[in-house]
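A closer look at the structure
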Amino acid sequence: MSEPGKIGTACRTAAALLALIVLAGCWDRQELNDRALWLATGIDDAGEGNIKVSGQIVIPLNVQAPSSAGSGGKGDPYMVVSQTGTNLGDILQDIQSKLPREVFFGQRRVIFLGEELAKKGLSGILDFTTRLAEASFRTDMYIMKGATANDALQMRGTLEFVSVFSALKKHEQSGGRGETTYLDFLIAAHRDGIVPTLPAAQLFVSDDMKPANYFEITGVAVLDDDLKLAGYLNVDEDRDLLWLLNKLSRIILTVDLEGGNASARFVNLRSSIKPSRNKDGSWHFEITLRGDGSLVENNTGLSVEKKGELEKLERAFEKEAANRMAGTIRKAQETFGLDVFGFGVVVHRRHPREWPALKDRWNEEFRRATFNVRADLNLKRPGLTGKSII
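Now for a quick tour of the structure. Predicted, not measured: the structure shown is a model, and the values here were computed from it. (Residues numbered from 1 in each chain as written. Predicted model: local features only at pLDDT ≥ 70, side-chain atom pairs only at ≥ 80, totals over all residues. Heavy atoms only, no water.)

Turning our eyes to something else, we now look at the overall build of the protein. Within the protein, the regular secondary structure consists of 12 helices and 13 strands. For the protein, the residues scored as buried account for 45% of the 390 residues in total. With an accessible surface of roughly 20,500 Å², the protein has 50% of that area assigned to carbon and sulfur atoms. (Helix = DSSP H or I, 4+ residues; strand = E, 2+ residues; numbered from the N terminus. Buried < 20%, exposed > 50% of the residue type's maximum accessible area, 1.4 Å probe, protein only. Areas by Shrake-Rupley, 256 points an atom, 1.4 Å probe, with all protein chains shown as cover.)

So, in structure tokens, the structure goes:
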């Protein structure tokens, strides 16, 4: 073999050996069997400046495939571990020392916060959760009204094999924020012109089963500028809030009309807000709500086959939506004095030069503001019949 040929062969051999070294595998890989999958976090006030952190972790041996249900389960598919301490970092280190596998937060789906903790404030509590590289921001989040976060983790599932998945799916089915709740909260907590809110939930016991086996979303918790619990809005008011924030996917409205009642399901929900100044210098907001609906039930004497009567029904739904929204805004003004809707964000965007002088006293401006709400709703699917068939 010629000298150039020997050099070429040596170069190819060296390249092949280098490739074997580089592609030999992941030297720092971690098998799934070495990990403890953390599904949900619960944080409670423990008194004396301490907090209690609980985690719901998968028990692999008790997780069954759907096809083998009832033929190999040995118990709950998860366990709950808890530890008390001064901060999340130290507590999670103590929890890790109790487990034979390394905790993995990449599958965390829900964070529960106890009501007593929320009353004292959430500032600093959640800092650690935002710094976990593997933890997803696509996480649902609740304040447990009249209960602890640990109680929520102990909840028994009904239709869902793992109980926390039941909480997440109920939130999504209600038309709420679902798995974007955590991210929405973090954005609002660091943004001028709006105070953050979180879904509120309660636990119930049915058929004398303990622990609780029924999870219900009962509204939204309002937090002040210091991230302390200020109070609650109910379920209907929560839907109004989400509609104004353009985060509501669907809603059913019911109206009394013509000696009867009617219900319609609206989707494609959206809102617009236009700010202006009143003569006394206070702010005024023109709010328009929009949506497309399908008639669910018509127990009125109106025949929706007739254009005039269909429009009368539409106007009734528009009036109901506008009155509800106005009432919710008024409650936020009078009860909390906190802008949970983001009107300040709109002012900041439309009047950036005025905002620096407003931002430190925006909640005071919000309490003085006036509002006019109108709705533009279209019943695009009135059904196959005119009047009620009964």
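Let's shift gears to the nonpolar core. In this structure, Phe317 and Phe343 are the most contacted members of the largest nonpolar core, which totals 50 residues. A total of 10 residues in this core trace back to one element, the largest contributor, which is helix H9 (residues 307-336). The residues contacting Phe317, other than those within four sequence positions of it, are Leu253, Thr254, Val255, Ala262, Ser263, Ala264, Phe266, Leu295, Leu377 and Leu379. Among the nonpolar cores identified, the runner-up in size contains 35 residues, and Trp38, Ile95, Leu99 and Ile143 belong to it. (Core = buried A, V, L, I, M, F, W, Y, C linked by side-chain atoms within 4.5 Å. Contact = heavy atoms within 4.5 Å.)

The sheet built from 4 strands is open, its strands ordered E10-E11-E12-E13 with mixed pairing. Each edge of the open sheet carries a strand with a single partner, namely strand E10 (250-257) and strand E13 (370-381). The average angle at which neighbouring strand axes cross in this sheet is 35°, direction not considered. Running at roughly 50° to strand E11 (residues 260-277), helix H8 (residues 235-244) makes contact with E10, E11, strand E12 (283-298) and E13 of the sheet. Relative to the sheet, H9 contacts E10, E11, E12 and E13, its axis offset from that of E13 by approximately 145°. (Pairing = 2+ DSSP bridges. Axes fitted to C-alpha atoms, helices over the stretch in contact; angles between N-to-C directions.)

Here the focus is unusual backbone geometry. You will see that Glu48, though not glycine, has its phi angle at about 55°, which is positive. If you trace the backbone, Glu48 turns up in the loop between strand E1 (35-47) and strand E2 (50-58). Phi is positive for Glu258, close to 55°, though the residue is something other than glycine. Within the secondary structure, Glu258 sits in the loop between E10 and E11.

Turning to the packing of aromatic side chains, a few remarks are in order. Each pair of aromatic rings is reported with the distance of its centres and the angle of its planes. Tallying each qualifying case throughout the model produces 15 aromatic pairs. Relative to Phe215, the ring of Tyr142 lies with its centre 5.1 Å away and its plane at 80°, an arrangement referred to as edge-to-face. Taken as a pair, Tyr142 in strand E6 (residues 140-144) and Phe215 in strand E8 (residues 214-223) lie far apart in primary sequence, 73 residues in all. Under the relative-accessibility criterion, Tyr142 is labelled buried at 0%. Where Phe343 meets Phe371, the ring centres are 4.8 Å apart and the plane angle is 50°; that geometry is what we call tilted. (Phe/Tyr/Trp six-rings, centres within 6.5 Å; stacked < 30°, edge-to-face > 60°.)

Worth remembering: the numbers are spatial, not functional.
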